[in-house]
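Here are the chains, one letter per residue:
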Amino acid sequence: MPTKRALTASLPAEQRPSLRQLWRIAAAGISYVLFALGGVLPAFYSLVLSVAPLDPAIKQRKLRRLIAGLCRFYIGLMKFLGLFSYTITDLPAQKTRGHVVIANHSMLIDALFVLGYLDNVCCVVKASLATNPFTRVPVALAGYVTNSDPKLLETATDKLAAGENILIFPEGTRNSFDLQLEFKRGAANLAVIAGAPLLPVVLICRPRALGKGEKWYELPAENLRITMQCLPAVSVENCIDTTLPRPLQYRRLTTHLTNLYRDAISQAMSR
Amino acid sequence: MTESSEVTSETATDSAVSASEAEPGQAMSKQEIVEKIRAVMVDFFELDASEISEDSNLVEDLDIDSIDTIDLMIEMRKHLDKEIDDMALLDCKTIGDVAEVISKM
């Protein structure tokens, strides 16, 4: 195995990573490999469930619980490996039902926190995951919806009415800086049409890491501190005029949510 | 909504109403339909009437997505009192395209 000196000899002294930094890169690599390997578990469990004589709703709950457990396992593993520390605050006291869960999206592992610590969350996943041979069965059995589904809104509305929570990252993709917050209207569309409350989740990583365009191994020298905070649920009628035409409601609610996040993140950053 | 945009909204709606009332009982021209669409869009999407022309691209110029298009069509049905096929409108790129499709229905 090459020594640290051999790995970094070509770099100027001030750019040479410390041993700790090299370990963090290795730890990140280990985490990603285990994450990829661990993906087999839901696939295998799905195959078992698919032949089990159980109600599809029960299969869905069982698989989602496994996915939530796996997410918490990965979070714990990465903490154990020294990649970050984390704090989770203000989780709802009771199980959340029928909420549009929204979260800002600054880092690659945001979804792990939401899926790991909130109950019965349905993801909107990329269409490619519904056709990938490894993820097709788990995606179907977990009842996740694809972003290419022409009936996405109807399906999501039905799921909310049935008590499931739908996770949407209103920014659509990872942001480039914390206060960028260019929310698209999808979450507001769904909340208005379904008449569902929203549960805002604020995720912050200090210093920023695993952001848009950053490679998994491009980690800052400092320890990452991740916080996940659930804000109080937002009911649509309490923050906008619901007698307005729906397109105006979508826009007003999106603006309201953007401001809510701007305030929450600004406050968190000033602490 | 600002005072000036409210004034613009009323002006656009009035203009559309007079356009539709100009020929009672007759099929509306494409231009009249464009005026109707403009009036609804001012009220529904908080757009300035001056921003909306026949060539305006729904997505790029006006930030109108597929959900908005459905709401627009529901409202247009009420205004025009005719059936409008949502699916036929999903391929429309501009206001002119929407007016063209509606005028043929």
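So, how was this worked out
- Residues numbered from 1 in each chain as written.
- Chains lettered and ligands numbered in written order.
- Predicted model: local features only at pLDDT ≥ 70, side-chain atom pairs only at ≥ 80, totals over all residues.
- Helix = DSSP H or I, 4+ residues; strand = E, 2+ residues; numbered from the N terminus.
- Buried ≥ 20, exposed ≤ 12 C-beta atoms within 10 Å, placed from the backbone.
- Contact = placed C-beta atoms within 7 Å.
- Rg over C-alpha atoms; globule rule 2.2 N^0.38 Å.
- Pairing = 2+ DSSP bridges.
- Expected span 1.5 Å × (residues − 1).
- pLDDT = per-residue confidence, 0-100.
- Nonpolar A, V, L, I, M, F, W, Y, C, P; charged D, E, K, R; others polar.
- Axes fitted to C-alpha atoms, helices over the stretch in contact; angles between N-to-C directions.
- Parallel < 35°, antiparallel > 145°, perpendicular 65-115°, else oblique.
- Left-handed = near helix turned anticlockwise from the far one by under 90°.

*Asks:* I'd love a proper account of the overall build of chain B, names of residues and values included.
*Replies:* A count of helices and strands for chain B gives 5 helices and 0 strands. Moving toward the C terminus, one meets the helices and strands of chain B in the order α-α-α-α-α. A total of 105 residues make up chain B; the buried ones form 31% of that total. A separation threshold of at least 6 residues defines the contact pool for chain B, and within that pool the share at least 24 residues apart is 56%.

*Asks:* Lay out the overall build of chain A with the relevant residues and their values.
*Replies:* Secondary structure assignment for chain A yields 10 helices and 7 strands. For 271 residues, the compact-globule estimate of 2.2 N^0.38 gives 18 Å, and the C-alpha radius of gyration of chain A, at 20 Å, lies within 12% of that figure. Along the first, second and third principal axes, the C-alpha set of chain A runs to 65 × 50 × 35 Å. Counting contacts in chain A only where the partners sit at least 6 residues apart, residues at least 24 apart contribute 73% of the total.

*Asks:* Tell me about the sheet that holds strand β2 (residues 100–103) of chain A, residues and numbers included.
*Replies:* Residues and elements named next belong to chain A. What the 7 strands build is an open sheet, ordered β1-β7-β6-β2-β5-β3-β4; its pairing is mixed. The open sheet has two edge strands with one neighbour each: β1 (84–89) and β4 (145–146). Judged from the 2 bridges that link them, strand β3 (residues 121–125) and β4 form a sheet pairing that is parallel. Looking across to β4, one finds that valine 125 is bridged to threonine 146.

*Asks:* Go over helix α4 (residues 56–80) of chain A with me, naming the residues and quoting the values.
*Replies:* Residues and elements named next belong to chain A. Along its 25 residues, α4 runs 36 Å from first to last C-alpha, staying within 8% of the 36 Å computed at 1.5 Å per residue. The set of residues buried in α4 consists of Gln60, Leu63, Arg64, Ile67, Cys71, Ile75 and Met78. Along its buried surface, α4 packs onto α2 (19–38), α3 (40–51), β1, α5 (110–117) and α6 (136–141). Glycine 82 lies just past α4 and shows a positive phi near 85°.

*Asks:* Go over the confidence of the model for chain B with me, naming the residues and quoting the values.
*Replies:* Residue and element names in this part refer to chain B. Per-residue confidence for chain B gives a mean pLDDT of 76, with 75% of residues at or over 70. When the elements of chain B are averaged for pLDDT, helix α1 (residues 3–21) gives the smallest value, 42, and helix α2 (residues 30–45) the largest, 90. Here the predicted complex scores 0.83 on pTM and 0.72 on ipTM.

*Asks:* Break down unusual backbone geometry for me, citing the residues and quoting the values.
*Replies:* For the bond running from Arg206(A) to Pro207(A), omega is -10°, close enough to zero to count as cis. Turning to its location among the elements, Pro207(A) is positioned in the loop between β6 (198–206) and β7 (224–230). We note that Glu46(B) has phi near 55°; this positive angle belongs to a residue other than glycine.

*Asks:* Got a sec to walk through the interface of chain A and chain B? Specific residues and values, please.
*Replies:* Listed per partner, the contact involves 7 residues of chain A and 8 residues of chain B. Residue contributions to the side of chain A that touches chain B peak at 4 residues, all from helix α10 (residues 246–270) of chain A. Looking at side-chain class alone, the side of chain A that touches chain B contains 3 nonpolar, 1 polar and 3 charged residues.

*Asks:* Give me the environment of Leu112(A): which residues, what numbers.
*Replies:* Relative to the helices and strands, Leu112(A) is located in helix α5. With near-sequence residues (within four places) excluded, Leu112(A) lies in contact with Cys71(A), Tyr74(A) and Ile75(A).

*Asks:* Account for the packing of α4(A) against α5(A), naming residues and giving values.
*Replies:* Residue and element names in this part refer to chain A. At a minimum axis distance of 7 Å, the contact between α4 and α5 shows a crossing angle of 130°. For the element pair α4 / α5, the angle class is oblique. The way α4 lies across α5 gives a crossing that is left-handed. For the pair α4 and α5, contact is made by Ile67, Ala68, Cys71, Arg72, Tyr74 and Ile75 and by Leu112, Phe113, Leu115 and Gly116, respectively. When grouped by side-chain class, the residues that make up the contact of α4 with α5 number 8 nonpolar, 1 polar and 1 charged.

*Asks:* Tell me what's going on with the pairing of strand β5 (residues 165–168) of chain A, and back it up with residues and numbers.
*Replies:* Residues and elements named next belong to chain A. The alternating pattern of β5 places Asn165 and Leu167 on one face and Ile166 and Ile168 on the opposite face, and all of these are buried. Note: β2 against β5, 3 bridges, orientation parallel. Residue pairing in the sheet places valine 100 in a bridge with isoleucine 166 of β5. Both β3 and β5 contribute to a ladder of 3 bridges, which runs parallel. Bridging across to β5, valine 121 finds its partner in asparagine 165.

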